[in-house]
Amino acid sequence: MANNKKKKLTPTQQQYQELAKRHEPPRPLAKNFVRAFLVGGVICLLGQAIQEVFIRYFHFTEKTAGSPTQAVLILISVVLTAVGLFDRIGQWAGAGTAVPVTGFANSIASAAIEHKSEGYVLGVGGNMFKIAGPVIVFGVFAAFVIGLIKTLITMGG
Amino acid sequence: MIFVWAFIVGGIICLIGQILMDVVKLTPAHTMSLLVVAGAILDGFGLYEPLIKFAGAGASVPITSFGNALVHGAMAEAKRDGIIGVVTGIFEVTSAGISAAIVFGFFAALLSRAKG
């Protein structure tokens, strides 16, 4: 991809790109990986603990406890987003907070808060799914195609 | 024991996300979309449900489980209503997550103000 992009540039632009690349600070890969693993693991651990509470005290089964657990995690991340703490944790943890359902909740809440000044309908309503939208669109489309294929196979067989 | 596996499997899925962002240099939106589609495909082959059984929240909290749940809802309804069920059932399982995110997100917008 990078090579295709380069061909369209003039020689001066190419030189500049290379210069910029040389001065780009290298990403601290190992540190990022460790942080993502640890924070992601801790969030899932917390999820497991919440799930056990739902199973033990609220009569959910192992299969049905997943949904309320996600809802609780979403509530926690929305609160943390609203008070401005989520961004700080997220900056430190990278994908560790972005990949679990907490990242999905954060992207919705932060977009809603950020665009509040443009009004509730066009600002909050219109921008809420600005970042989370692609996830839903591609998830639903993939699920539709897979569901269709599986149904056709079972119907045929 | 399930707590240990929840930590490890959840950590590994987040690590994969970090690798996609840092090494493959995808944007966060591309990374998340890819993970959701991956979860849907894994469930298509019947591989995600065993992972949830094995790792609990380690597999059901990361965004990959969203893809898995979408396929699950579609298949459950398809079994009952035939091919139409694929469309009507897609959001059946994920309803809690999306509703919660919208409701809480809207409350957050009502109650707080953008900083900075």
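Residues numbered from 1 in each chain as written. Chains lettered and ligands numbered in written order. Predicted model: local features only at pLDDT ≥ 70, side-chain atom pairs only at ≥ 80, totals over all residues. Heavy atoms only, no water.

A. Region of interest: the overall build of chain B. Broken down by element type, chain B carries 7 helices and 0 strands. Listing each helix as α and each strand as β along chain B from the N terminus yields α-α-α-α-α-α-α. Dimensions of chain B, computed from the C-alpha atoms along their principal axes, are close to 50 × 35 × 30 Å. For chain B, the residues scored as buried account for 48% of the 116 residues in total. The long-range fraction of contacts in chain B, counting pairs at least 24 apart against all pairs at least 6 apart in sequence, stands at 48%. Accessible surface, chain B: about 5500 Å² in total, of which carbon and sulfur atoms supply 76%. (Helix = DSSP H or I, 4+ residues; strand = E, 2+ residues; numbered from the N terminus. Buried < 20%, exposed > 50% of the residue type's maximum accessible area, 1.4 Å probe, protein only. Contact = heavy atoms within 4.5 Å. Areas by Shrake-Rupley, 256 points an atom, 1.4 Å probe, with all protein chains shown as cover.)

B. Molecular detail of the pattern of salt bridges. Residues and elements named next belong to chain B. This model, assessed by the stated rule, comprises 3 salt bridges over all chains. Here E77 makes a salt bridge to R80, at a shortest N to O gap of 3.6 Å. Of this pair, E77 and R80 both sit in helix 5 (residues 64-81), 3 residues apart, which is roughly one turn of that helix. D81 is the partner of R80 in a salt bridge, and the nearest nitrogen-oxygen pair spans 3.8 Å. Each of E77, R80 and D81 takes part in one network of salt bridges that share partners. (Salt bridge = Lys/Arg side-chain N within 4 Å of Asp/Glu carboxyl O.)

C. Highlighting the interface of chain A and chain B. Each partner contributes residues to the interface: chain A has 65 residues there, and chain B has 64 residues. Between chain A and chain B, roughly 5200 Å² of surface is buried when both sides are summed, and carbon and sulfur atoms account for 79% of that area. Inspection of the chain A/chain B interface yields 0 salt bridges. Elements represented by at least two residues in the side of chain A that touches chain B include exactly helix 3 (29-57), helix 4 (66-82), helix 6 (95-98), helix 7 (101-114), helix 8 (120-127) and helix 9 (133-156) of chain A. It is helix 3 of chain A that contributes the most residues to the side of chain A that touches chain B, 17 residues altogether. For the side of chain A that touches chain B, the per-class residue count stands at 44 nonpolar, 14 polar and 7 charged. (Buried area = accessible area lost by both parts, 1.4 Å probe. Nonpolar A, V, L, I, M, F, W, Y, C, P; charged D, E, K, R; others polar.)

D. Quick look at a nonpolar patch on the surface. A cluster of nonpolar side chains, namely Y120, V121 and L122 of chain A together with V103, F106, F107, L110 and L111 of chain B, defines an oily patch on the protein surface of about 840 Å² accessible area. Among the elements of the structure, helix 8 of chain A together with helix 7 (95-111) of chain B are those that each provide at least two residues to the nonpolar patch. Per-element tally for the nonpolar patch: the top contributor is helix 7 of chain B, with 5 residues. Relative to the helices and strands, Y120 of chain A resides in helix 8. (Patch = residues over 30% accessible without salt bridge, like charges linked within 9 Å, V, L, I, M, F, W, Y side chains within 5 Å.)

E. Layout of the packing of aromatic side chains. Residue and element names in this part refer to chain A. This model, assessed by the stated rule, comprises 6 aromatic pairs over all chains. Plain terms: the ring middles of F54 and F58 are 5.5 Å apart, the flat faces sit at 50 degrees to each other, and that makes the pair tilted. An aromatic cluster is built from F54, F58 and F60, whose rings are joined through pairwise contacts. (Phe/Tyr/Trp six-rings, centres within 6.5 Å; stacked < 30°, edge-to-face > 60°.)

F. Helix 1 (residues 2-22) of chain B, seen in detail. The end-to-end C-alpha distance of helix 1 of chain B is 30 Å, a good match for the 30 Å that 21 residues give at a rise of 1.5 Å each. For helix 1 of chain B, the complete set of buried residues consists of A6, V9, G10, G11, I13, C14, G17, Q18, L20, M21 and D22 of chain B. (Expected span 1.5 Å × (residues − 1).)

G. Looking closely at helix 5 (residues 85-93) of chain A. Residues and elements named next belong to chain A. By the burial criterion, the buried members of helix 5 are F86, G90 and A93. Taken down its axis, helix 5 places every buried residue within 75 degrees of arc, on the same side. Residues D87, R88 and Q91 are exposed on helix 5 and point more than 90 degrees away from its buried face. Positive backbone phi, approximately 60 degrees, marks G94, located one or two places after helix 5. (Arc of directions from axis to C-beta.)

H. Layout of unusual backbone geometry. Residue and element names in this part refer to chain A. The residue H59 is not glycine, and still its phi comes out positive at about 60 degrees. Mapped onto the fold, H59 is located in the loop between helix 3 and helix 4. Here H59 falls in the exposed class, since its relative accessible area comes to 73%.

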